[in-house]
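# Structural characterization, general
Here is what each chain is made of, one letter per residue.
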Amino acid sequence: LVYLAIISPGKPDTFKDEKGEILKGSISEKIFVNIGGVKQGMFIQSKDSSNPVLLYLHGGIPDYFLTKKYPTGLEDHFTVVWWDQRGAGLSYSGNIPQESMTLEQMISDTRVVTNYLRQRFGKEKIYLMGRSGGTFIGVHVAAQAPELYHAYIGVAQMSDHLKSERMAYEYMLKEYRDAGNRKMVQKLEAAPVTDEIPNEYLKLRDKAMHSIGVGTTHEMRSIITGIFLPSVTCRDYTLTEKINLWRAKAKAGVHPLWNTILATDLARQVPELDIPVYFFHGIYDYTVSYDLARDYFEKLKAPVKGFYTFSQSAHSPMFEEPVRFKEILLSDILTGRSSLAGAISEN
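Residues numbered from 1 in each chain as written. Predicted model: local features only at pLDDT ≥ 70, side-chain atom pairs only at ≥ 80, totals over all residues. Heavy atoms only, no water.

## Quick look at the overall build of the protein
For clarity, the threshold we go by: To qualify as a helix, a DSSP run of H or I must reach at least 4 residues; to qualify as a strand, a run of E must reach at least 2; elements of each kind are numbered from the N terminus. For the radius of gyration, the atoms used are the C-alpha atoms, and the globule rule reads 2.2 Å times the number of residues raised to 0.38. Here's how the labels work: a residue is buried when its accessible area is under 20% of the maximum for its type, exposed when over 50%, partly exposed in between, all with a 1.4 Å probe on protein chains only. Any two residues having at least one pair of non-hydrogen atoms within 4.5 Å are treated as being in contact. A 1.4 Å probe and the Shrake-Rupley method give the accessible areas. Residues count as covered only by the protein chains that appear here. The convention is simple: Lys and Arg are positive, Asp and Glu are negative, and His and the chain ends are not counted. Every charge is mapped to an atom, namely NZ of Lys, CZ of Arg, CG of Asp or CD of Glu.
When helices and strands are counted, the protein shows 13 helices and eight strands. Taken over C-alpha atoms, the radius of gyration comes to 19 Å for the protein, in line with the 20 Å a tight globule of 347 residues would show. Principal-axis analysis of the C-alpha atoms places the extent of the protein at approximately 60 × 55 × 45 Å. A buried classification covers 54% of the 347 residues belonging to the protein. Contacts spanning at least 24 positions in sequence make up 73% of the contacts within the protein whose residues lie at least 6 apart. Accessible surface for the protein amounts to roughly 15200 Å². Of this, 50% is attributable to carbon and sulfur atoms. Looking at the protein, you have 40 positive and 40 negative side-chain charges, and the mean spots of the two groups are 4 Å apart.

Written out as structure tokens, the structure reads:
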């Protein structure tokens, strides 16, 4: 604990110029804002705070800490806001009413954060990017308040997630059978995913996915070494904040909106957006189905659309293939085009 406290000053590093001085116009801070009656935290990173604002909606757990191992470079061209949503990470509190953890409240919180950022940075509109469970919230926000955003970006975009979980289960069962892993096959067979998802399956889901490279990243084989250790060694969180990160995860489970997500088919609920839409998806992703994301994309109506396949990625293209990810943002999304869509990243 003493060691963890020493490596947990809880303050992000500033951006420096070639002389070692703070880069003029840059911003690197952790702040807390009252959002919907709850103190909520966020990291804001930019080498030039006049750049376009990009609000990021995380999935089942805030993943800002992964930028230390997997730099995205997004702060070179955007003012990136890594917001820890209600009840998660920096925004965890045991006093948050459980009944407030609803889709409607999450949508409202996102709009409040958006308007705070618009006012603070003097922007008429900002960019909205969700990943995994964050896409479930993000696509609803984009549908309800398109006037606030230049574009919506879905990374590992959800659609019919109950079907996605069944597809993941069937894929993993086949992979483990082919590999002759009888122990994992027996565990999976004892917890079949049908019209419901048993708790026994959820207990082994993350381990099963990561062990065959279809989880957070294609290279990540362990939640402990791939996610837990990077989170507790991230200097930007205090020790208390690190503990709360995992307290929140234990309380929420897969995602605080899990039951709502499983009961929703986004292709039916959100069939159209009035702003440009871009989906980024790793070919190895079974946490959220690549095939179902493509199906949703084809059905979704929008003034501009682009689907981008990442051949070296699983659930996190921005961490796994950051150069191509940023290239698409600069070439297509900032210009409102989709010229790079359809191409598949090379191995």
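Here the narrative resumes.
## Some thoughts on the packing of helix α7 (residues 223–232) against helix α8 (residues 239–252)
The line we're drawing: For helices, the fitted axis covers only the stretch in contact; all axes are lines through C-alpha atoms, and the angles between them, taken along N-to-C directions, range from 0 to 180 degrees. Only Asp, Glu, Lys and Arg are considered charged in this grouping, and only Ala, Val, Leu, Ile, Met, Phe, Trp, Tyr, Cys and Pro are considered nonpolar; every other residue, Gly among them, is considered polar.
Taken N-terminus to C-terminus, the directions of α7 and α8 make an angle of 145 degrees; their axes are 9 Å apart at the nearest point. From α7, I227, F228, S231 and V232 reach across to α8, where they touch K242, L245 and W246. The residue inventory of the contact of α7 with α8, partitioned by class, reads five nonpolar, one polar and one charged.

## Considering the pairing of strand β5 (residues 126–131)
Rules: Between any two strands, pairing holds if DSSP finds at least two bridges. The crossover handedness rule: strands pointing away from the viewer, path from first strand over the helix to second strand clockwise, crossover right-handed.
Counting buried positions along β5 yields six of six residues, so the element is predominantly enclosed. As defined by bridge partners, β5 adjoins strand β6 (residues 149–155) across six bridges and the pair is classed as parallel. By the bridge assignment, L128 is partnered in β6 with Y152. On the question of chirality, the crossover connecting β5 to the parallel β6 by way of helix α3 (residues 133–144) is right-handed.

## Comments concerning the packing of aromatic side chains
For the record, the criterion: To pair, rings of Phe, Tyr and Trp, with the six-membered ring standing in for Trp, must have centres within 6.5 Å; the planes then decide the type, stacked if under 30 degrees apart, edge-to-face if over 60, and tilted in the middle. Whether a charge sits over a ring depends on NZ of Lys or CZ of Arg being within 6 Å of the ring centre and within 35 degrees of the ring normal.
Following the criterion strictly, the structure yields 19 aromatic pairs and no others. With a centroid separation of 5.2 Å and 80 degrees between ring planes, the pair formed by F43 and Y237 is classed as edge-to-face. Highlighted residues: F43 in strand β2 (residues 38–46) and Y237 in the loop between α7 and α8, separated in sequence by 194 residues. Each of the two residues, F43 as well as Y237, counts as buried. Each residue in the set F43, Y56, Y64, W82 and Y237 is aromatic and connected to the rest through ring pairs, giving one cluster. Its guanidinium or amino end placed over the ring of F297, K305 lies 4.5 Å from that ring's centre, counting from NZ or CZ. Just above the ring of F310 sits the side chain of R324; from NZ or CZ to the centre is 4.7 Å.

## Structural notes on the sheet that holds β2
Here eight strands make up an open sheet; going across it, the order is β1-β2-β4-β3-β5-β6-β7-β8 and the pairing mixed. Edge positions in the open sheet fall to β1 (27–35) and β8 (305–310), since each of these has one partner strand only. Averaged over all neighbouring strand pairs, the angle between strand axes comes to 20 degrees, with direction disregarded. Here four bridges tie strand β3 (residues 53–57) to β5, and the two strands are oriented parallel to one another. What sits directly across from L54, in β5, is Y127. Contacts from α3 reach β3, β5 and β6, with the element oriented near 145 degrees to β5.

## What about unusual backbone geometry?
The phi torsion at S132 lies on the positive side, around 55 degrees, for a residue other than glycine. When you line up the elements, S132 lands in the loop between β5 and α3. Residue S132 is classed as buried on the basis of its relative accessible area, which comes to 9%. Even without being a glycine, A156 presents a positive backbone phi close to 60 degrees.

## Some words on the pattern of salt bridges
As a reminder of what qualifies: Put simply, a salt bridge is a Lys or Arg side-chain nitrogen that is within 4 Å of an Asp or Glu carboxyl oxygen.
Inspection of the entire model under this criterion finds 14 salt bridges. Its salt-bridge partner being R205, residue E165 comes within 2.8 Å of it at the nearest N-O pair. Pair noted here: E165 is in helix α4 (residues 161–178) and R205 is in helix α6 (residues 199–211), with a separation of 40 residues, a long-range link. The two residues E165 and R205 agree in class, both being buried.

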